[in-house]
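Single-letter residue listing:
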Amino acid sequence: MKILHSKMTTQELAHCVGMAKQTINRWIREQGWVTEPIPGVKGGRARLIHIDQNVREFLSTTPKLRHLSLSWQLAEPEPHYASPELEPVWRKITDTLSMMTPDEQQHLHLLLVREGLSGFLRRLEITNESA
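Trainee: Outline the packing of aromatic side chains, supporting the account with residue identities and numerical values.
Mentor: Applying the stated criterion to the full structure yields three aromatic pairs. Both rings, one in W27 and one in W33, keep their centres 6.3 Å apart while their planes meet at 65°; by these two values the pair is edge-to-face. A residue is classified by how much of its surface remains accessible, and W33, at 8% relative accessible area, is buried. An aromatic cluster is present here, built from W27, W33 and F58 joined pairwise through their rings.

In structure tokens form, the structure reads like this:
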């Protein structure tokens, strides 16, 4: 089971579905999937694939993936396709929040309401004390 994000690199999608990057690139061309350049990465080959309904439907019809459910929602470590500075932190945060139980989410919500962002960051020891 894997997470299909709304946008993924060819390497991430290949790892997720157990195929080669070349196969994913061929599918992009053949199926006309929507892609966009990766911010901060030069060159035309580094692209993000929009994982929309067409991509999900195609993946569900491939012989290797037909038996899998495409409502995959279990977190797996993501492969690094660029330096850690380029990896969007919001994706990690979103993945973590989606794995929390409703009760845990409610506790986090109450903590944020009670202490605000600065109190939350202080608890995580992320604050800049010199500021």
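Trainee: Account for the nonpolar core, with residues named and values stated.
Mentor: Residues L4, L13, I24, W33, I49, I51 and L59 are the most contacted members of the largest nonpolar core, which totals 15 residues. Those elements that place two or more of their residues in this core are α1 (10–17), α2 (21–31) and α3 (53–61). Looking at this core, the element that brings in the most residues is α1, giving four residues.

Trainee: Any details on the sheet that holds strand β3 (residues 47–50)? Residues and values, ideally.
Mentor: If you trace the three strands from one edge of the open sheet to the other, you get β1-β3-β2, paired in antiparallel fashion. Lying at the two open borders of the sheet, with one neighbouring strand each, are β1 (7–9) and β2 (35–37). Strand after strand, the sheet turns through a mean of 35° between neighbouring axes, direction not considered. Relative to β3, β1 runs antiparallel, the two being bridged by three bridges. Following the sheet pairing, K7 is matched in β3 by H50. Strands β1 and β3 of the sheet are contacted by α1, whose axis makes an angle of about 90° with β1.

Trainee: I'd like a rundown of the pattern of salt bridges, residues and numbers included.
Mentor: Across all of its chains, the model carries four salt bridges by this definition. We note a salt bridge from R114 to E115, for which the minimum N-O separation is 3.9 Å. Residue classification places E115 among the partly exposed residues on the basis of a relative accessible area of 25%. Measuring nitrogen to oxygen at the nearest pair gives 2.7 Å for the salt bridge that ties R123 to E115. Looking at R123, the relative accessible area reads 54%, which means it is exposed. Within this structure, R114, E115 and R123 form a network of salt bridges that share partners.

Trainee: Residue-level account of the packing of α1 against α2, with values.
Mentor: For the pair α1 and α2, interaxial distance at closest approach is 8 Å and the crossing angle is 110°. Taken as axis vectors, α1 and α2 run roughly perpendicular relative to one another. Crossing handedness for the pair α1 and α2: right-handed. Side by side, α1 and α2 meet where T10, Q11, L13, A14 and V17 of the first sit next to K21, I24, N25 and I28 of the second. The residue inventory of the contact of α1 with α2, partitioned by class, reads five nonpolar, three polar and one charged.

Calculation rules
- Residues numbered from 1 in each chain as written.
- Predicted model: local features only at pLDDT ≥ 70, side-chain atom pairs only at ≥ 80, totals over all residues.
- Heavy atoms only, no water.
- Phe/Tyr/Trp six-rings, centres within 6.5 Å; stacked < 30°, edge-to-face > 60°.
- Buried < 20%, exposed > 50% of the residue type's maximum accessible area, 1.4 Å probe, protein only.
- Core = buried A, V, L, I, M, F, W, Y, C linked by side-chain atoms within 4.5 Å.
- Helix = DSSP H or I, 4+ residues; strand = E, 2+ residues; numbered from the N terminus.
- Pairing = 2+ DSSP bridges.
- Axes fitted to C-alpha atoms, helices over the stretch in contact; angles between N-to-C directions.
- Contact = heavy atoms within 4.5 Å.
- Salt bridge = Lys/Arg side-chain N within 4 Å of Asp/Glu carboxyl O.
- Parallel < 35°, antiparallel > 145°, perpendicular 65-115°, else oblique.
- Left-handed = near helix turned anticlockwise from the far one by under 90°.
- Nonpolar A, V, L, I, M, F, W, Y, C, P; charged D, E, K, R; others polar.

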